[in-house]
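# Close look at the chain arrangement
So the chains spell out like this:
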Amino acid sequence: MTNKFSLNGKIALVTGASYGIGFSIATALHEAGATIIFNDIKPDLVEAGINAYRETGIHAHGYVCDVTDEKAVDELIRKIEKETGIIDILVNNAGIIKRIPMVEMSAEEFRQVIDVDLNAPFIVSKAVIPGMIKKGGGKIINICSMMSELGRETVSAYAAAKGGLKMLTRNIASEYGAYNIQCNGIGPGYIATPQTAPLRAAGHPFNAFILSKTPAARWGTPEDLAGPAVFLASEASNFVNGHILYVDGGILAYLGKAPK
Ligand code: NAP
Ligand code: GCO
């Protein structure tokens, strides 16, 4: 049974993975046997990422690439296919959030979030799928969110993007399942990374709020996503397609801690 979770001989691209959730997922995929490729938008972060991977014993291939730039993404995928090989596993992890009340958010700010969190997974998946078809199959994992299911104040663009990403996941599963490509999502709960650092600042009311909404009464860690990512990247999930696996400590199942 453990062999079903092996990624030996597989090539994995994790976008936006110089740190945070992407770094943790890439590390887990490596530990399962995969060759790790990642990109980031800033050269210094790619360099820092390569060094951080090296410190954990991982020889990761790092590239500077803005995932919203279709030409740059196409060039990156062709370069990877030439230098390393056809990608078996794609994790669309790169993402941004802007926390602004909707009526105060400009259309440009809205577009920027949609561009990174929804358009980019389309662009990167579109570039990678032909190679997967040629190779006889592949795995695409889209990093969704609680906001694929729920809304809250100030995150209209992010929720719209992550809701759309849930349906893009299902559509890729529908359109390319016949080519032995499985496309699923991981929906993290509230995870302690730089993206949520403002919400976890000392005394921020959101911190107590999330603890009251999470049965586990803790923030998630990037490492909590490692096992689910290996499962969805491996042959253990070959008949799982179009599924969003929520890794949220039970938030979506829980009304919240009743006041005493
Ligand atoms: P993070 O700490 O903000 O890291 C995001 C990563 O994406 C960074 O490496 C960032 O690079 C990269 N990135 C942003 N825009 C990019 C672009 N245009 N091209 C290439 N790379 C780009 O976020 P995180 O918390 O690790 O989240 C990772 C993913 O999980 C995101 O999709 C996020 O929406 C999702 N998620 C997070 C949580 C959470 O609680 N943290 C929960 C659910 C879902 P730079 O630093 O150079 O910008
Ligand atoms: C927020 C948070 C969330 C998390 C995550 C939850 O402002 O509510 O940033 O959006 O990042 O997406 O799953």
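Our subject is the structure that appears above.
Since we're looking at a predicted model, the values are computed, not measured.

### Points about the site of ligand 2
Of all residues adjacent to ligand 2, which total 14 residues, the nearest are Arg-99, Ser-145, Arg-152, Tyr-158 and Gln-195. A distance of 2.6 Å separates an oxygen atom of ligand 2 from a polar atom in the side chain of Arg-99. Between an oxygen atom of ligand 2 and a side-chain N or O atom of Tyr-190, the distance comes to 2.8 Å. Calculation on ligand 2 without its partners gives an accessible area of 330 Å², and the protein chains cover 97% of this total. Per-class residue counts for the shell around ligand 2 are eight nonpolar, four polar and two charged.

### So, the site of ligand 1
The environment of ligand 1 is formed by 30 residues, the closest being Tyr-19, Asp-40, Asn-93, Tyr-158 and Thr-193. Side-chain polar atom of Tyr-19 to an oxygen atom of ligand 1: 2.5 Å apart, as the coordinates give it. Notes on ligand 1: free accessible area 900 Å², of which the protein chains cover 93%. Listing elements by their share of the shell around ligand 1, those giving two or more residues are α1 (20–31), β2 (35–40) and α5 (156–176). Looking at side-chain class alone, the shell around ligand 1 contains 16 nonpolar, ten polar and four charged residues.

### With respect to helix α4 (residues 107–135)
Between its terminal C-alpha atoms α4 stretches 40 Å, which fits the 42 Å expected from 29 residues at 1.5 Å a residue. Of the residues flanking the end of α4, it is Gly-136, one or two places downstream, whose phi is positive at about 95°.

Basis of the calculations
- Residues numbered from 1 in each chain as written.
- Chains lettered and ligands numbered in written order.
- Predicted model: local features only at pLDDT ≥ 70, side-chain atom pairs only at ≥ 80, totals over all residues.
- Heavy atoms only, no water.
- Near = heavy atom within 4 Å.
- Polar contact = N/O pair within 3.5 Å; in protein donor to acceptor, adjacent residues only side chain to side chain.
- Areas by Shrake-Rupley, 256 points an atom, 1.4 Å probe, with all protein chains shown as cover.
- Nonpolar A, V, L, I, M, F, W, Y, C, P; charged D, E, K, R; others polar.
- Helix = DSSP H or I, 4+ residues; strand = E, 2+ residues; numbered from the N terminus.
- Expected span 1.5 Å × (residues − 1).

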